[in-house]
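Below are the chains, spelled out letter by letter.
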Amino acid sequence: MATAPVEIKNTLAVVQDHTRVFQDLVFVYPVISRRSRGLSVGVNLNPDKRCNFDCVYCEVDRKTPGRAESVDLAQLRRELVWLLRYALDGGLATQAKFNEVPELTRAIRDIAFSGDGEPTMVPNFDECVQVVADVKRELGLTDTKLVLITDSAGLDKASVRRGLELMDAANGEFWCKLDAGTEGYYQLVNRSFVKFERILRNILETARQRPVIIQSLFLQTKGAPMPPEELAAYCERLNEIVRGGGRIKEVHAYTVARPTPEPWATKLTKDELQAIAATIRSQTGLRVEVFD
Ligand code: SF4
């Protein structure tokens, strides 16, 4: 099942297309993801589109209602088994959406808790993880990672902590969002009622238990990239996590890929993003991967 990493160009239509609707499935969807380096099967625990952030770059269309109010575990299981088998048996490779990269659809790089909101807001996160981990094991997908893509606001909840431990035992990987170095910039970009301090504490506590990946979206706000003093503060937050005993496997730095709901929130140039990544490397010594 394991495949060598391949370069997946940002220009592929299937990479640009991150729609979370496939056929009539409600809780799962397939995407080709550059950061996953291939096929990622998304698990949408927020079909109600709930989130505790309101990021200026969020692509979730909240003008239209969600497709379900809560997660039906039996349906989640049925849909996941069907989609994983469909990929493994070659069915996904025959779909027009994947005709640029059919060879990538048979190797399931990861199953990712992601979707139309923040996965840790679901009240029974641990039960959801258990269902997905069971299916992964039953299908023999040992090398497939189980990824949590999170804004970290709910990482201190009891059911989430239990879920993280279940993920640890199932080849789990944890991608924690960090787009700012100060409360002010966090409120500008992520616009949350959750205090920045709590986000940082949750990342630190989680990273003390297992390595995490920091995923950071950098963008222009009103025509200007992140100010140097904010970038310095961001680097210092990373250093504080490491000094506090947290393990950061790497940083994923990326920028806006599609139009944002706020016209003043726009994409960085490749050079601007590379310059930010170089600063993070030099100020923290961490490995930084750029997805421009
Ligand atoms: S955390 Fe994700 S889902 Fe929530 S507002 Fe931000 S981008 Fe959207």
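What counts and what doesn't
Residues numbered from 1 in each chain as written. Predicted model: local features only at pLDDT ≥ 70, side-chain atom pairs only at ≥ 80, totals over all residues. Helix = DSSP H or I, 4+ residues; strand = E, 2+ residues; numbered from the N terminus. Rg over C-alpha atoms; globule rule 2.2 N^0.38 Å. Buried ≥ 20, exposed ≤ 12 C-beta atoms within 10 Å, placed from the backbone. Contact = placed C-beta atoms within 7 Å. Expected span 1.5 Å × (residues − 1). Arc of directions from axis to C-beta. Core = buried A, V, L, I, M, F, W, Y, C linked by C-beta atoms within 7 Å. Domains from an automatic or database assignment. Near = placed C-beta within 6 Å. Nonpolar A, V, L, I, M, F, W, Y, C, P; charged D, E, K, R; others polar.

Participant: For this particular structure, what's the right way to read the overall build of the protein?
Facilitator: Looking only at helices and strands, the protein features 8 helices and 10 strands. In terms of C-alpha radius of gyration, the protein reaches 18 Å, essentially the compact-globule figure of 19 Å for 292 residues. On the principal axes, the C-alpha backbone points of the protein span a range of 50 × 40 × 40 Å. Every one of the 292 residues in the protein was classed for burial, and the buried ones make up 41%. Long-range pairs, those at least 24 residues apart, make up 78% of the contacts in the protein between residues at least 6 apart in sequence.

Participant: I tried to follow the environment of Arg208 on my own but got confused; where do I start?
Facilitator: Inspection of the secondary structure puts Arg208 in helix α6 (residues 196–209). For the pair formed by Arg208 and Gly245, sequence separation is 37 residues and the distance between their alpha carbons is 5.7 Å. Ignoring sequence-local partners within four residues, the contact set of Arg208 consists of Gly245 and Gly246.

Participant: What's the story with helix α2 (residues 73–88) in this structure? I'm lost.
Facilitator: Side chains of residues three or four places apart in an α-helix project in the same direction, reflecting 3.6 residues per turn. Taking 1.5 Å per residue as the helical rise, α2 with its 16 residues ought to reach 22 Å, and the 22 Å between its terminal C-alpha atoms agrees with that figure. When α2 is considered as a whole, its buried residues turn out to be Leu76, Glu79, Leu80, Leu83, Leu84 and Ala87. Projected onto a plane normal to the axis of α2, the buried residues spread over an arc of 125° and lie on a single side. Exposed positions of α2 whose direction lies more than 90 degrees from the buried face are Ala74 and Arg85. For α2, the elements touching its buried residues are β1 (28–33), β2 (38–44), β3 (108–114) and α3 (125–138). Downstream of α2 by one or two residues, Gly90 has phi in the positive range, about 95°.

Participant: Is there a simple way to think about the nonpolar core in this case?
Facilitator: Nonpolar side chains in soluble globular proteins generally cluster together in the buried interior. Ranked by size, the top nonpolar core spans 78 residues in total, and within it Val43, Cys128, Ile203, Phe218, Ala253 and Ile276 carry the most contacts. Mapped onto the domain boundaries, this core takes at least three residues apiece from domain 1 (1–177) and domain 2 (207–292). The residues contacting Ile203, other than those within four sequence positions of it, are Ser152, Cys176, Leu178, Val212, Ile241 and Gly246.

Participant: Can you help me understand helix α8 (residues 270–284) in this one?
Facilitator: Relative to the 21 Å expected for 15 residues at 1.5 Å per residue, α8 spans 21 Å between its end C-alpha atoms, a close match to the ideal helical length. The set of residues buried in α8 consists of Leu273, Ile276, Ala277, Ile280 and Thr284. For α8, the buried positions fall inside an angular range of 100° around the axis, keeping them on one side. Facing away from the buried surface of α8 by more than 90 degrees, the exposed residues are Asp271, Ala278 and Ser282. The elements touched by buried residues of α8 are α7 (228–243), β8 (248–254) and β10 (288–291). Residue Gly285 follows α8 closely and has a positive phi angle near 75°.

Participant: Looking at this structure, how should I read the site of the ligand?
Facilitator: Surveying the vicinity of the ligand reveals the residues Cys51, Phe53, Asp54, Cys55, Cys58, Val60, Gly117, Glu118 and Asp151. Here the residues of the shell around the ligand are counted per class, giving 5 nonpolar, 1 polar and 3 charged.

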